[in-house]
Structures are given as C-alpha cells and as structure tokens.
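Structural overview for review
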Amino acid sequence: MNLAVQIGALRMQNPVTVASGTFGYGVEYARLLDLNQLGAVTVKGICLGPVRGNPTPRTAEVASGMLNAIGLQGPGVDGFIAKYWPFLKELTVPTIINIWGTTVEEYAEVARRFDALEGVGALELNVSCPNIKEGGAQFGTDCKLLSQVVAACRRATRLPLITKLSPNVVSIAPYARAAEEAGSDALAVTNSYPAMAIDVETRQPKLANVTGGLTGPCIKPIAIKLVWEAAKAVKIPIIGMGGIQDATDAIEFLMAGASAVAVGTANFYEPQTALQVIAGIRSFMERKGIRDVREIVGSVITDR
Amino acid sequence: MLEELVQILANEREVGAYFRLTLLAPEIARRVQPGQFVHIRILPMRDALLRRPFSVFQAAGDNLSILYKVVGKGTAVLSRMQAGDQLGALGPLGHGFTVPKSSGEKPLLVAGGYGMAAMYLLAQRSPRPGVVFVGGRRRVDILCEQEFRALGWDVCATTEDGSYGHRGLVTEPLVTELRRDAKRKRLFACGPTPMLKAVARIADDFDVPAELSMDEHMCCGVGVCLTCVIPVKSADGWEYQRTCTEGPVFDSKEVLWEVPR
Ligand SMILES: Cc1cc2nc3c(=O)[nH]c(=O)nc-3n(C[C@H](O)[C@H](O)[C@H](O)COP(=O)(O)OP(=O)(O)OC[C@H]3O[C@@H](n4cnc5c(N)ncnc54)[C@H](O)[C@@H]3O)c2cc1C
Ligand SMILES: Cc1cc2nc3c(=O)[nH]c(=O)nc-3n(C[C@H](O)[C@H](O)[C@H](O)COP(=O)(O)O)c2cc1C
Ligand code: FES
C-alpha cells in the first residue's frame, strides 16, 4: 500500500501534516506522540525578528470551533534557528516552515535566510493571517500583491514553496492561479475565517483584538468547497485543512482534490488526532481495496 | 506529561456549587507535583471542544482528585457525569510550587475559593506545617478546612459576608500575621487574579518571597497555542510567558500586572 505523496519536490511518507500554529515547533508534542510517524511537521509562523503578539484574551471557544487572534507571537528567524532547529533537523520527517512578513522584501528575506539553512523541507507562505494589522491577509486578498510575494520568494529560494491562501475571497480560483503562475509549488487551503464573538454579560468582544480567525470543525464544509474550487483551477498539489478531526474528514479533503491534509485545532483537544488520521486512511484504503492514496485525490463524483 | 483515558470513580457535591471528582489515573497520579494541573476533555460536551484545566487536588496511589466549581458549560456537564464514565486527561502539566524545606521559611498559603484545591499537595508534602489563609464570599466558599487541619496546619478562614471565620478579605489576617513577624516566611497563593495581585503587593511591602498560581484561559495546555500568556519581566524588559508551561506558578516579583506600553 502506498501512502506517500509528493508536494513539489517535498516527499511526505504519508499525506498528513499538522497546521501551522497548532503544533508549536513540534518539540512540545514530542513526549505525547512519535513525530516521525507524521508526513511532515509544520511549525508556527516565523518572520524576521521576534514578535510579542496580541494582548489577551487571544482565543475563545465557539460552537464546534474556536476564534484566535494570537498575533503571530514568535522568536524570529534567529531565535527559531537557535532554539528549535537543533531538535527539528534531527527528525526523519521533513519540516515545513511557515513564514510571513509585512512587506514583499521581508517575505523574500525570510525565504532567503531559510534557503541557507541545511535540511528544510519546504516553506509555507502565510499570506492569509487575519490577525495582524500589516502583512498577512492583505497579501492574500489582492491578486497582484500575492503574485509579487510569491515571485519574490521564488527568486529567493530553491526550497519548495507552498502558498497558504485566504478563505476570505469571493472566488479562490484567481488567487490559486496567481500563486501557481508566480512559481508556487503547491497551495495550502485554507487559513482561518475572519469572525467575532461577544460576551453579552460585559458587552465586550471575547477577543482583545475584537475580531479573530475561526477554525475547527465548524469551518470544514467551507474549506472543502475552497479546496475543490482551487483544485479545478490549478495543476499544482494542494494541502487541505480546516476542521479535520478524523480520517473521514481527511479523506473528504483528498476526494475534493487535496494531495495532503493538515490537522489543526483538533491537536489542542486531541493531540493524537494526526496519528489517528493516518491509521484511519490506511484502514479505509484496505476496506476499499485502494492501493495508492493518490487514487483518492480528486476522486469526488459530482455528476449523478 | 501524558494523555490517558481515565475512569471516574466518584463525582460528588462537596458543598454549594463545588464538586469533588475522583479519577483512576495511575500514570498522572504517580507523577504529579504540587501546583500542577490536568487538562480534562469532557467528552459529552459535544460542540464545546476544548479541554478544561483543573489543579490536581489530591493524589494517592492510582487515584487523583479534583475540586471544582460549576461556573459554565463544561463544569455543568462534568457535574452530571457519574462513576464509571470516562474523561480524557492530559497531565501532569505546568510548573508547580517549590516544596518548602524543613529548615527553610515557614509556608503561608493564601487561597480563594477553588484555589484551595491547588494547595493541598503542597501542604501535604511540606516537611513543616504552616498556616493556610482561606477566603471566600460566603461560608460555602471555604473548602476542605478539616483536611488541612488533619495535616497539622493552622487554618485561618475569612468570609466577605462574615458568615464564617473573620469578616473581610483573606489578605487582612495575612497582613496581621506579617506585621507580627515577617521574617523567614514564604507565601504561596492561588485564587482569583485580584487576590493574587493583592498578595503580590503585600509580599513586596513586607519583602517576603511569594509564588502565585495564575488563573488564565487555556486552550492546548502544553505550550503550543500561546493563548494563556501573561506579561513577565525579562532580560530585555518584558515578554509574554505561557501560564500552562512556564506557569501556572510564577514568582510574584516577575509578574507584570499590565502590559507595558
Ligand atoms: C491552572 C488552572 C487551574 C485551575 N484549577 C481549578 C480547580 O482546581 N477547580 C476549579 O473549579 N477550577 C479551576 N480552574 C478554572 C477552570 O479551568 C474553569 O472554571 C473552567 O475551565 C470553566 O469551564 P466551563 O466550561 O464550566 O466555563 P465556560 O465559561 O463555559 O468556559 C468557556 C471557556 O472559558 C474557559 N474558562 C472559563 N473560566 C475560566 C477560568 N476561571 N480559568 C480558566 N479558563 C476558564 C474555559 O476553559 C472554556 O475554554 C483552573 C484554571 C487554571 C488555568
Ligand atoms: C491558535 C492558532 C494559531 C495559528 N497560527 C497560524 C500561523 O502562525 N500561521 C498560519 O499560516 N496559520 C496559522 N493558523 C491557521 C491554521 O494553520 C489552519 O490553517 C486553520 O486553523 C484551519 O485548520 P483547523 O480548522 O484544522 O484548525 C493558526 C490557527 C490557530 C487555531
Ligand atoms: S494553553 Fe496553549 S500555550 Fe498555554
């Protein structure tokens, strides 16, 4: 049985990774699960320098999901390399580094810095974070800016580039095509959905940032549709994510056209989810007599 | 740190809105240190997905117990669960209290409401008894006083409405005690944030060390999501640290109560 998939030049031994920002830098979960069983480890978003992030409260639980406005707290490139890379580089599975910046030049500079680091699996460009004032979502909701960012990073590195798209657009197809044409090797679909919740006792928003990103099982049907539309628009592979809790959810993404999937919010309440998803995909394939996971990709039957 | 599916052995009302939950959780019970917590997945909550953090109250052999107050969705569902039901438990988590030494300072514990739960293991494992200052709004908020006395500790209770013990705030008899003699004392506190802030100020006034267990909203409980951060002094001014990982227990001198501008 083959579970391995190819995301550009990045080979994953199985189609399951974890979503950026929901798995720290891997090391935090290393005592709870064997990271080398994953398809890849994807780390929290990193920009050039250290970032403190937003004031609290930063997250709030909502029905079948959560809101977050962490504000991309992180150690910056140097802090990451000093503190987390020694652990990550020893893993037998690849690390996908999620990067962001506030200008096109900054994105490219971060990409250049990681290009010089031996052993990185791929770079994921976060052009879709709803929780910071500059950068983030503005690049993901403007096709021209998106092309510029991807093209600049393309020039800055030979590493596989995965462009992580925003769900907050009228149609995802032009963004998917813009990223592909600018040289992206793959897409990640989707980031969190802009949203808000209010505490009626205090009349205050539940997040200090007022609005945040909605994630978890409640966004899954939206994400499935986005993956399906993006897959029809491009030839490059897609990593699908949004609310995956079990193998059935993951297989839905594969059938919609994703070549791999990422488990996000579910890690917070069930750290074993990604491993359970891998085991579940395997037993689904056994049950259906499928020998290669790639046979599932895009296999949804839309005419009836 | 590990994850177990654990069985409820007992889940009974203690008093008022407070419940005592006993779990069969051998791996966590064996490892837990005073001030650490467990992150509980309440499976029947359905559309509320996140785990809830609770201090480990007592640990004996394979059993571990929690003292909790029903305050919202999760704790309400939890209070209706029964012996034989299962919960997901992740723990023991966090950085706990420093266990006192027999030759060291005299421990003074300050607890508000369910903050008492975080204190029991500390009192039990301390080689020298001290005083527990426990406060609450009303009589029902004063928990497990007898269990602390049974460990040989003095208990000084205060209620805001005067229905039990001294009338007033828990920090008032603490100040009286420190005025009498503040030498070679160490404070340990767990309770609502305004109480912790008051304890930090008192510790400063009397120049006694204090360890505070902070109560912040959590999501992952293991340091990855960055929900639970508080501003803490650092080499270059201040930084956000995680209550679930660097805490929940912090040195009172390090905690900044507001984010510097
Ligand atoms: C380290 C630590 C130890 C704790 N120990 C105890 C204990 O021993 N006994 C006890 O009764 N309670 C304890 N708490 C508080 C307990 O976690 C909350 O009362 C509980 O999460 C409320 O859940 P709910 O679904 O009933 O409330 P809801 O208000 O419905 O919860 C909504 C969300 O807010 C969070 N939340 C609400 N109140 C709090 C709070 N005070 N602190 C943290 N998160 C909160 C919930 O976890 C949930 O994510 C502790 C909290 C922390 C951080
Ligand atoms: C707390 C939190 C932090 C996140 N941080 C990042 C981040 O740093 N960079 C990024 O590209 N996406 C980030 N995301 C988005 C996730 O990677 C993922 O796209 C999204 O959560 C959808 O998947 P899910 O529903 O399975 O969580 C974050 C999500 C959450 C919940
Ligand atoms: S609760 Fe996730 S980092 Fe502390």
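The model shown is predicted, which means the values in this text are computed figures rather than measured ones.

What follows concerns the overall build of chain B. Scanning chain B from terminus to terminus reveals six helices and 16 strands. Rg of the C-alpha trace for chain B: 18 Å, near the compact-globule value of 18 Å for 261 residues, within the 12% margin. On the principal axes, the C-alpha backbone points of chain B span a range of 50 × 45 × 35 Å. Taking all 261 residues of chain B together, the buried fraction comes to 50%. Residue pairs in contact within chain B that sit at least 24 positions apart in sequence constitute 60% of those at least 6 positions apart.

What follows is about the site of ligand 2. Near ligand 2 there are 25 residues, and of these Ala19, Gly21, Gly45, Gly264 and Thr265 of chain A occur at the shortest range. One chain alone does not account for the residues near ligand 2; they come from chains A and B. Among the residues forming the shell around ligand 2, the class breakdown is eight nonpolar, 15 polar and two charged.

The next point concerns the domain arrangement of chain B. Residue and element names in this part refer to chain B. Entries for chain B in the domain assignment read domain 1 (2-92) and domain 2 (106-251). On a C-alpha basis, the centres of domain 1 and domain 2 stand 21 Å from each other. Tallying the contact residues gives 21 residues for domain 1 and 17 residues for domain 2. Considering each element in turn, the side of domain 1 that touches domain 2 owes the most residues, four residues, to strand S6 (residues 63-69). Here the side of domain 1 that touches domain 2 is composed, by residue class, of 13 nonpolar, five polar and three charged.

Residues and elements named next belong to chain A. The sheet built from eight strands is open, its strands ordered S3-S16-S15-S10-S9-S8-S7-S4 with parallel pairing. Among the strands making up the open sheet, the edge pair consists of strand S3 (16-18) and strand S4 (41-46). With direction set aside, neighbouring strand axes in the sheet form an average angle of 25 degrees. Pairing of S3 with strand S16 (residues 260-263) involves three bridges; the strand directions are parallel. Directly across from Thr17, in S16, lies its bridge partner Ala262.

Before going further, it helps to examine the site of ligand 1. Residues and elements named next belong to chain B. Among the 23 residues in the neighbourhood of ligand 1, the closest are listed as Tyr68, Gly72, Gly74, Thr75 and Ala117. Looking at the shell around ligand 1, the elements with two or more residues in it are strand S4 (52-55), S6 and helix H2 (73-79). In terms of residue class, the shell around ligand 1 is made up of twelve nonpolar, five polar and six charged. Looking at which domains feed residues into the shell around ligand 1, each of domain 1 (2-92) and domain 2 (106-251) supplies at least three.

Conventions we followed
Residues numbered from 1 in each chain as written. Chains lettered and ligands numbered in written order. Predicted model: local features only at pLDDT ≥ 70, side-chain atom pairs only at ≥ 80, totals over all residues. Helix = DSSP H or I, 4+ residues; strand = E, 2+ residues; numbered from the N terminus. Rg over C-alpha atoms; globule rule 2.2 N^0.38 Å. Buried ≥ 20, exposed ≤ 12 C-beta atoms within 10 Å, placed from the backbone. Contact = placed C-beta atoms within 7 Å. Near = placed C-beta within 6 Å. Nonpolar A, V, L, I, M, F, W, Y, C, P; charged D, E, K, R; others polar. Domains from an automatic or database assignment. Pairing = 2+ DSSP bridges. Axes fitted to C-alpha atoms, helices over the stretch in contact; angles between N-to-C directions.

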